[in-house]
Amino acid sequence: MFAIVRTGGKQYRVAAGDKIVVEKLDGEAGSNVTLGDVLLAGEGSELKSVEGLTVSAEIIAQAKGEKVIVFKKRRRHNYRRKNGHRQQHTILKITAIGDKRADDSAAA
């Protein structure tokens, strides 16, 4: 089964066992997070209803991306500015794609 989830302003196609790198989410390594913004779900070529569907994931690590150099220059004005930036990321491992109501009843 696969799902398309939205987090951090981007969309990701995920299945159970996948590892994805997303924008920084709160939490420490080893903790679980639930992605509730599921846009599409299906199995094979048939689509399923996404109402109440959630995606469970485990945080593997909090990391930083590659360094991006921001260089500004105005010619003939002796204006040069150099800045660096490293975006913070969260590495997730998708553990399950399941129905929220089924998870709640199993926990009770």
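Please refer to the structure higher up on the page.
Note that the coordinates shown come from a computational prediction; the quantities given were computed from them, not determined experimentally.

Asks: Tell me what's going on with the pattern of salt bridges, and back it up with residues and numbers.
Replies: Within the structure shown, the criterion is met by three salt bridges. A salt bridge links Glu 43 to Lys 48, with the nearest nitrogen and oxygen atoms 3.8 Å apart. Residue Glu 43 is classed as partly exposed on the basis of its relative accessible area, which comes to 42%.

Asks: Go over the packing of aromatic side chains with me, naming the residues and quoting the values.
Replies: Tallied over the full model, the rule gives zero aromatic pairs. Residue placement shows Arg 13 over the ring face of Phe 2; its charged tip is 4.4 Å from the ring centre. Over the ring of Tyr 79 we find Arg 74, and its NZ or CZ is 5.0 Å from the ring centre.

Conventions adopted
Residues numbered from 1 in each chain as written. Predicted model: local features only at pLDDT ≥ 70, side-chain atom pairs only at ≥ 80, totals over all residues. Heavy atoms only, no water. Salt bridge = Lys/Arg side-chain N within 4 Å of Asp/Glu carboxyl O. Buried < 20%, exposed > 50% of the residue type's maximum accessible area, 1.4 Å probe, protein only. Phe/Tyr/Trp six-rings, centres within 6.5 Å; stacked < 30°, edge-to-face > 60°. Lys NZ or Arg CZ within 6 Å of the ring centre and 35° of its normal.

Any functional reading would require information beyond the geometric quantities listed.
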